[in-house]
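Structural characterization, general
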Amino acid sequence: MVEYGVATAHRSDQAAAHATNSPDAPPAAPYDEMLTALAEVRPHYSALDRRIATLAAAEMSERQRTLERFFLLQGITFTVYGGESSTERIIPTDLLPRIIPAAEWATIEAGLTQRLRALNMFLADIYGEQQILMDGVVPRELVLGAPSYRREMQNLYVPHQAYANVCGSDLIRQPDGAFAVLEDNLRVPSGVSYMLANREASRRTFPGTFRAAGVRAIDRYPDLLLATLKGMAADWRPNPQIVVLTPGVYNSAYYEHAYLARLMGCPLVEGRDLVVHDNMVYMRTTTGLRRIDVIYRRVDDDFIDPLTFRRDSGLGVAGLFNVYRAGNVVICNAPGTGVADDKAVYAYVPAIIRYYLGEDAILPNIETYLCRETSQLSHVLANLDKLVVKAVGASGGYGMLIGPHASQQEREDFALAIKADPANYIAQPTIQLSTAPCLIDGVIEPRHVDLRPFILSGEKIVVTPGALTRVALRKGSLVVNSSQGGGSKDTWILEPDGAADQEGRP
Amino acid sequence: MMLARVADSLYWIGRYVERAEHMCRLSDVMLNATLDRTQAADQVTRIALAAVGDPDAAHVGSPYDLAFSLALDREDPGSITSSLALARENARQVRDQITTETWERLNLIYLRMAGPEAPKAFADGASVFLHDIIADLHLFKGAADATMSHGEGWRFLLLGVHLERAQLIGRLLQVCFGDASRRPLDDHMALMSVLRMSCALEPYLRRFTADIQPRKILQFLLLDEEFPRSIRFSTARIEEHLSATARYVEATGHAGPERLAGRLRARLQYADMEELEAAGASALISTVLDECAALHQAIYDTFVAYSLEMRLPA
């Protein structure tokens, strides 16, 4: 792992270490966002590096405290229950921004746009003619048998064929420096409020560096989201009523729901505020019932309508899906989008892109073995000690085997499970996430990070020039989930060369 | 137009915030008055206890312990810290409806009250502690006034504040002047304390000079037109906010809370001090408290928990 230090001696050590990396040496060292393999600071990081060098450790810690206070004041917290009383904690946030130069971002942007276009076409197809299944590009039973496939959506009209209006894809940077897609989140992706709040905070902590760097603005996200949602409303409803549907204040992403509703100026509703009557959906206001045209829902498919989906759900409103079917309300994201971010379907995304767009995927997938294919199954079973095996239906780190860290016994047990139900498993090589400098207990150290950009699709597809960088704060850890010791940091996407200087000048 | 649930939350934020402020003042006055051991001190403690609706709390012990649990007891739903926690919980549920400035004030107060340092801060100087909370609550109200749109949401917030205030002051007056069978309150120090509990000492002095009499206190707290904590003032505001919000409700017309508020306001506006003295104040105070309770119910029935049958589109 890299170390950050100003001493040049240190850097040459690093260089020596990298130079000895021969082809059959242990797996490649992770890509570092700030330092090259020769331990030189990458050009886009140099301004920040110089600024940090002028700050004493005490000053850094002071800034970190300012940052944390900002989050506490804003109420960007989650509640930790335990012992005698519950306390509120902020989501750990790192002071130092992660910087991505314009050229790299251009690739990401093009890749994500291409990917979401293809995935929306895929969804429109499988919920329509199912041409791609007829042509055998994606196995029929894989799609129709997936738990996230919603038969109820078959042949329903979705405006602009925009099924996934909000998408948050997880990207990682591989050791060679190229970005790859780890996961597409097409259901109810969250984290965008942290992207915006982190930006708010880092403008306060590094104002000078921020101004000079020419960072692309992300403040328009709420506008763009609102425009996307408005674009989904029926043409004959000139002034559509848009609402954000939240599961309620006890949901861990509640802050985000309230934040987006506030910045878009839309009511934040819960299921109990809604009433379905005569195939229309209304909300209860102080002056009576008011019709709703578009619901930006932050409630999972399963819970939006107990009449159609899970019967025990109290989070949605009975009859909502019928209103949707009748075309009297638009639900964003459309129900059933989850089938396109299914772990097994993921392996076919490059083929899906080729099928609909006739192009090669700009952002590659992580190599994925499908245990349903006999040839790949034998490879997986032979290499269990090198692979990460995931159950297709599970998420959040459950039903997962991390080969290199598992015991022999665990691997044997898992092999039996895979043989019993191969279609339920996929395997991927252990992935090295890139590292970025983070302030840990007053010292700057490398930690593994991923990247979650947010893509909006309505009439057209827009990639927000920003992202949430999630950080695995524990040393050496590759887990960036906030439930398991993950934090986040601001992400600066730089203007194309010189654009920052040209703007705002005669 | 706003969500019924949101209006309800804003209304309750107003109520809880006002309640917390009143409790702070009661505790502070009680602690101050009991510094010297006089008969008046006992009287003040009795008034404070009765006003918080806990007349048989004699078992709690010293006034200090009493004030401590009134301020920081999380188990007690009526304590200051519970009120503030509830106000903030409601604010969290309508976070999209209140401005960041307003939210920050309330969140700060809550963090201070619920934080681990609160008991020590209280022990180090109860008076300073309570005083700071009151000042912070004033900042909260100021922020709401200065940054929120003076529309429906703000009106519901203030409806809560004024209705709660009218009820709290009403209860205080009932304890002091409502019971004809008790010996009338005449001790100078006790009377001063009553004025302090309603934050009325300075405005009272300006109005009546240092001539402190029970009759004038009653007149001031019940019927003064300009003092913001007199019941008449609060009911006038309630009527004002209700007529502004009820404007948009077609279904209720004149049968709802607006009529109740107008009648209550008129009752106080046209009350006659002479008659009041002859008949005893207790009847009027009871009427005021009953009508406030009815108003609360009417607001809930009209704006929040209305029957859907009446409002469905044809």
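Reading the values: rules and limits
Residues numbered from 1 in each chain as written. Chains lettered and ligands numbered in written order. Predicted model: local features only at pLDDT ≥ 70, side-chain atom pairs only at ≥ 80, totals over all residues. Heavy atoms only, no water. pLDDT = per-residue confidence, 0-100. Helix = DSSP H or I, 4+ residues; strand = E, 2+ residues; numbered from the N terminus. Contact = heavy atoms within 4.5 Å. Buried < 20%, exposed > 50% of the residue type's maximum accessible area, 1.4 Å probe, protein only. Pairing = 2+ DSSP bridges. Core = buried A, V, L, I, M, F, W, Y, C linked by side-chain atoms within 4.5 Å. Axes fitted to C-alpha atoms, helices over the stretch in contact; angles between N-to-C directions. Buried area = accessible area lost by both parts, 1.4 Å probe. Salt bridge = Lys/Arg side-chain N within 4 Å of Asp/Glu carboxyl O. Polar contact = N/O pair within 3.5 Å; in protein donor to acceptor, adjacent residues only side chain to side chain. Disulfide = S-S within 2.5 Å. Phe/Tyr/Trp six-rings, centres within 6.5 Å; stacked < 30°, edge-to-face > 60°. Lys NZ or Arg CZ within 6 Å of the ring centre and 35° of its normal. 1 Å grid on protein atoms, 1.4 Å probe; cavity = no way out; pocket = protein on both sides within 12 Å on 5 of 7 lines; lining within 4 Å. Points joined across faces, edges and corners; volume = space filled by probe spheres on them. Nonpolar A, V, L, I, M, F, W, Y, C, P; charged D, E, K, R; others polar.

1. Digging into the confidence of the model for chain A
All names here are of chain A. Averaged over every residue, the pLDDT of chain A is 86; residues scoring 70 or more account for 89%. Per-residue pLDDT, averaged within each element of chain A, yields its smallest value for helix 1 (residues 8–19) (38) and its largest for strand 12 (residues 294–297) (97). Taken as a whole, residues 6–26 scores under 50 in pLDDT and shows 16 contacts with residues more than four places along the chain or in a different chain.

2. Notes on the pairing of strand 21 (residues 461–472) of chain A
As a general feature of sheets, a regular strand has side chains that alternate between the two faces. Residues and elements named next belong to chain A. Counting buried residues in strand 21 gives ten out of twelve residues, a clear majority hidden from the surface. Bridge count between strand 20 (residues 452–457) and strand 21: five bridges; the pairing is antiparallel. Paired with Ile-455 across the strands is Val-463, a residue of strand 21. The antiparallel hairpin formed by strand 20 and strand 21 contains three residues in its connecting segment. In this structure, strand 21 lies alongside strand 22 (residues 486–493), joined through four bridges in antiparallel fashion. Within strand 22, the position partnered with Ala-472 by the bridge is Gly-486.

3. Notes on the nonpolar core
Counting residues in hydrophobic clusters, the biggest one holds 234 residues, and the most contacted among them are Phe122(A) and Ile126(A). Examining the composition of this core, we find that 15 residues originate from one element, helix 1 (residues 4–33) of chain B, more than from any other. Core analysis: the second largest hydrophobic core is formed by 15 residues, Val389(A), Leu401(A), Ala415(A) and Ala427(A) among them.

4. Details of the pairing of strand 19 (residues 443–448) of chain A
Note: strand 18 (residues 435–440) of chain A against strand 19 of chain A, six bridges, orientation antiparallel. By the bridge assignment for strand 19 of chain A, Thr435(A) is matched with His448(A).

5. As for the environment of Leu416(A)
Residues and elements named next belong to chain A. Mapped onto the elements of the fold, Leu-416 is located in helix 15 (residues 408–420). A residue is classified by how much of its surface remains accessible, and Leu-416, at 56% relative accessible area, is exposed. Note: C-alpha distance between Leu-416 and Leu-381 (35 residues apart in sequence) is 9.6 Å.

6. Considering the sheet that holds strand 21 of chain A
Residue and element names in this part refer to chain A. Strands sit in the order 3-22-21-20-4 across an open sheet of five strands; the sheet is mixed. What marks the edges here is a single partner per strand, and that holds for strand 3 (93–100) and strand 4 (166–168). Neighbour to neighbour, the strand axes of the sheet diverge by 30 degrees on average, direction disregarded. Strands in contact with helix 4 (residues 102–126) are strand 3, strand 4, strand 20, strand 21 and strand 22; relative to strand 21, the strand with the most contacts, it is inclined by about 110 degrees. Relative to the sheet, helix 7 (residues 192–205) contacts strand 3, strand 20, strand 21 and strand 22, its axis offset from that of strand 22 by approximately 70 degrees.

7. Quick notes on the interface of chain B and chain A
With 35 residues of chain B at the contact, the number on the chain A side is 32 residues. Carbon and sulfur atoms make up 53% of the surface buried where chain B meets chain A, a total of about 2900 Å² over both sides. The tally of links between chain B and chain A comes to two salt bridges. In this structure, the salt-bridge partner of Asp273(A) is Arg5(B), at a minimum N-O distance of 2.7 Å. Scanning the region where chain B abuts chain A turns up 18 residue pairs in polar contact (both at pLDDT 80 or more). Residue assignment for the side of chain B that touches chain A shows that the elements contributing at least two residues are helix 1, helix 4 (80–93), helix 5 (100–114), helix 8 (152–178), helix 15 (282–304) and helix 16 (308–311) of chain B.

8. Considerations on the state of the cysteines
Linking two cysteines covalently through their sulfur atoms gives a disulfide. All names here are of chain A. All chains considered together, the criterion is met by zero disulfides over all chains. Between Cys-266, a free cysteine, and Cys-332, which holds the nearest cysteine sulfur, the sulfur-to-sulfur gap is 11 Å. Using a relative accessible area of 7% as the deciding quantity, one classes Cys-266 as buried.

9. Some thoughts on the packing of aromatic side chains
Scanning the model with the defined rule gives 20 aromatic pairs over all chains in all. Measuring from ring centre to ring centre gives 5.6 Å for Phe414(A) and Tyr425(A), while their planes differ by 70 degrees; the resulting arrangement is edge-to-face. Taken together, the residues Phe414(A) in helix 15 and Tyr425(A) in strand 17 (residues 425–429) connect sequence positions eleven residues apart. Here Phe68(B) and Phe122(B) contribute two aromatic rings whose centre-to-centre distance is 5.3 Å and whose plane-to-plane angle is 80 degrees, an arrangement assigned as edge-to-face. With Phe68(B) in helix 3 (residues 63–72) and Phe122(B) in helix 6 (residues 118–124), this residue pair connects regions lying 54 residues apart in the sequence. Given a relative accessible area of 0%, Phe122(B) falls into the buried group. Ring pairs connect the aromatic residues Tyr64(B), Phe68(B), Phe122(B) and Phe129(B), which therefore count as one cluster. Above the plane of the ring of Tyr306(B) lies Arg284(A), whose end atom (NZ or CZ) is 4.7 Å from the centre. The ring of Trp12(B) carries the charged tip of Arg15(B) above its face, separated from the ring centre by 5.4 Å.

10. Side note on the sheet that holds strand 9 (residues 274–277) of chain A
Residues and elements named next belong to chain A. With antiparallel pairing, three strands are arranged side by side in an open sheet as 9-10-11. Each edge of the open sheet is held by one strand with a lone partner, namely strand 9 and strand 11 (288–291). Shown here is a sheet whose adjacent strand axes are inclined to one another by a mean of 40 degrees, direction ignored. Looking at chain direction, strand 10 (residues 280–285) and strand 11 are connected through four bridges and run antiparallel.

11. Side note on the environment of Leu205(B)
Residues and elements named next belong to chain B. Within the fold, Leu-205 resides in helix 10 (residues 201–208). Taking the C-alpha atoms as reference points, Leu-205 and Leu-195, separated by ten residues in sequence, lie 9.9 Å from one another. In this structure, Leu-205 is in contact with Ala-210 and Ile-212, ignoring residues within four places of it in sequence.

12. Looking at the pattern of salt bridges
Residue and element names in this part refer to chain B. Enumeration according to the criterion identifies 44 salt bridges over all chains in this entry. A salt bridge links Arg-263 to Glu-291, with the nearest nitrogen and oxygen atoms 3.4 Å apart. Here Glu-291 lies in helix 15 and Arg-263 lies in helix 13 (residues 257–269), a separation of 28 residues in the sequence. Residue classification places Arg-263 among the partly exposed positions, given a relative accessible area of 38%. Each of Glu-18, Glu-21, Arg-25, Lys-141, Arg-165 and Arg-229 takes part in one network of salt bridges that share partners.

13. Description of empty space enclosed by the protein
Applying the stated criterion to the full structure yields seven cavities of 30 Å³ or more. Taken as a whole, the largest cavity holds about 80 Å³ of empty space. What lines the largest cavity is simply Leu182(A), Glu183(A), Asp184(A), Asp341(A), Asp342(A), Lys343(A), Tyr346(A), Lys390(A), Ile426(A) and Gln428(A). Elements represented by at least two residues in the lining of the largest cavity include exactly strand 6 (179–183), helix 12 (343–346) and strand 17 of chain A. If you go around the second largest cavity, the residues you meet are Ala7(B), Asp8(B), Tyr11(B), Trp12(B), Phe156(B), His296(B), Ile299(B), Tyr300(B) and Val304(B). The set of elements that each furnish at least two residues to the lining of the second largest cavity consists of helix 1 and helix 15 of chain B. Here the lining of the second largest cavity is composed, by residue class, of seven nonpolar, one polar and one charged.

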